[in-house]
Amino acid sequence: MSEPTPQADIGSDRWADPAVTYDAVAAPYAGRFLHELDAKPFDRDLLTRFAGVLSADRRGHGAGVVCDLGCGPGHVGAFLAERGTSVVGIDRSRGMVTQARLHCPTMPVGQGDMTALGLLNGSLAGIVCFYALIHIPRAQVPGVLHELHRVLTVGGALLVAVHGGEGSLHATQMLEQPANLDATLFSLSELTGLLEAAGFAIVEAHERDPYDHEVSTRRLYLWVTRPESDRVASPLRN
C-alpha cells in the first residue's frame with residue numbers, strides 16, 4: 001500500500017467520507033488485512049490482556065457485549081471472541097460490513113456511525129476501536145469520545161489505536177485502487193487529554209514504532225475505562 005501524503009488539518013467540509021473508499025476496496029482490503037494480527041505481536045498481547053479483563057468481568061458481573069467499532073473485515077473482533085468475549089461489529093462502510101459477515105459469520109455485524117451510534121446509554125461492556133478514530137476530523141473527535149463514553153457501562157473499558165504524528169494524512173490510492181481518504185494524526189499526550197476530557201480514566205498508554213510491513217507512522221494505544229465513580233449524567237450525553 002502506498003504511503004499517504006502528510007498535510008495540515010483540513011476542515012470537516014473538506015473531509016473525505018471514508019466509507020466511499022472502504023466500500024470500493026472492501027474485498028481486497030479483507031484479503032490484505034484479515035490476518036494482519038499474525039505479524040503484530042504487540043497488538044496480539046494487548047488485545048489478549050484486554051479480552052482477559054473483559055471476560056473476567058463478564059464472569060463476575062453477568063453478560064456484557066464488546067463492540068469492535070470500525071470493525072473492517074472483523075479480524076480484531078474475531079480475535080477477542082476467540083478469547084471469551086461476546087463481540088459485535090459496527091462499521092460505517094457497507095462493503096466492510098459485508099466482508100465481516102462473510103469472514104466472521106458468528107459475529108453480529110451492522111452498519112453504524114461512531115458520531116451517533118444509536119445505542120442505549122451504558123449498553124456496552126467494552127469497545128475496541130483500532131484505526132477508526134483517525135477517520136474523524138480533529139474538531140469532531142471530542143464529540144465522538146463523549147459518544148463512546150455514553151454507550152459504555154460504568155466500569156466499562158475502551159481500547160483505541162491510532163496513527164501518531166501531527167496534522168493529517170491524505171491517500172489518493174489504496175491497494176492499487178483510486179482512493180480519497182483522510183486520517184487525523186495524534187500525539188500520545190493529545191489523545192490522552194482528549195480521553196480524560198471525555199470522562200475516561202487512563203489504564204495504559206503505549207507508543208511503538210511501525211513494523212516493517214506497516215505504513216511508516218508511530219502507533220499509539222490507549223486503554224481507558226469509564227470510572228466507577230462516574231454516575232452523574234453529563235449534559236453532553238443523551
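Since this is a predicted model, take the numbers as computed values, not measurements.

Q: Can you explain the packing of helix α5 (residues 141–151) against helix α6 (residues 188–197)? Please cite residues and give values.
A: For the pair α5 and α6, interaxial distance at closest approach is 9 Å and the crossing angle is 50°. When the axes of α5 and α6 are compared, the pair comes out oblique. Pair α5 / α6 crosses with right-handed handedness. Contacts from V141, P142, L145 and H146 of α5 reach α6 at L194, L195 and A197. Its residues assigned to classes, the contact of α5 with α6 comprises six nonpolar, one polar and no charged.

Q: So, helix α1 (residues 18–33): which residues are in play, and what are the values?
A: With 16 residues, α1 extends just 17 Å between its outermost C-alpha atoms, more than 12% less than the 22 Å of an ideal straight helix rising 1.5 Å per residue. A bend of about 70° at A26 is the largest found in α1, and the proline P28 appears one to four places after it. Turning to α1, its buried residues are P18, A19, T21, Y22, V25, A26, Y29, A30 and F33. Measuring from the side-chain oxygen of the N-cap residue of α1 to the backbone nitrogen of A19 gives 3.0 Å; that N-cap residue is D17.

Q: Provide a residue-level description of the sheet that holds strand β8 (residues 177–184), including the pertinent values.
A: Strand order in this open sheet of three strands is β1-β7-β8, and the pairing throughout is antiparallel. Since the sheet does not close on itself, it has two edges, and those belong to β1 (5–7) and β8, each with one partner. Going from strand to strand, the sheet's axes swing by 20° on average, the running direction of each strand aside. One ladder, built from six bridges, connects strand β7 (residues 168–174) with β8; its direction is antiparallel. When the bridges of β8 are listed, A171 appears paired with L181.

Each value, and the rule that gives it
- Residues numbered from 1 in each chain as written.
- Predicted model: local features only at pLDDT ≥ 70, side-chain atom pairs only at ≥ 80, totals over all residues.
- Heavy atoms only, no water.
- Axes fitted to C-alpha atoms, helices over the stretch in contact; angles between N-to-C directions.
- Helix = DSSP H or I, 4+ residues; strand = E, 2+ residues; numbered from the N terminus.
- Parallel < 35°, antiparallel > 145°, perpendicular 65-115°, else oblique.
- Left-handed = near helix turned anticlockwise from the far one by under 90°.
- Contact = heavy atoms within 4.5 Å.
- Nonpolar A, V, L, I, M, F, W, Y, C, P; charged D, E, K, R; others polar.
- Expected span 1.5 Å × (residues − 1).
- Bend = angle between axes of the 7 residues up to and from the residue.
- Buried < 20%, exposed > 50% of the residue type's maximum accessible area, 1.4 Å probe, protein only.
- Polar contact = N/O pair within 3.5 Å; in protein donor to acceptor, adjacent residues only side chain to side chain.
- Pairing = 2+ DSSP bridges.

Keep in mind that these numbers describe shape and distance, not what the molecule does.
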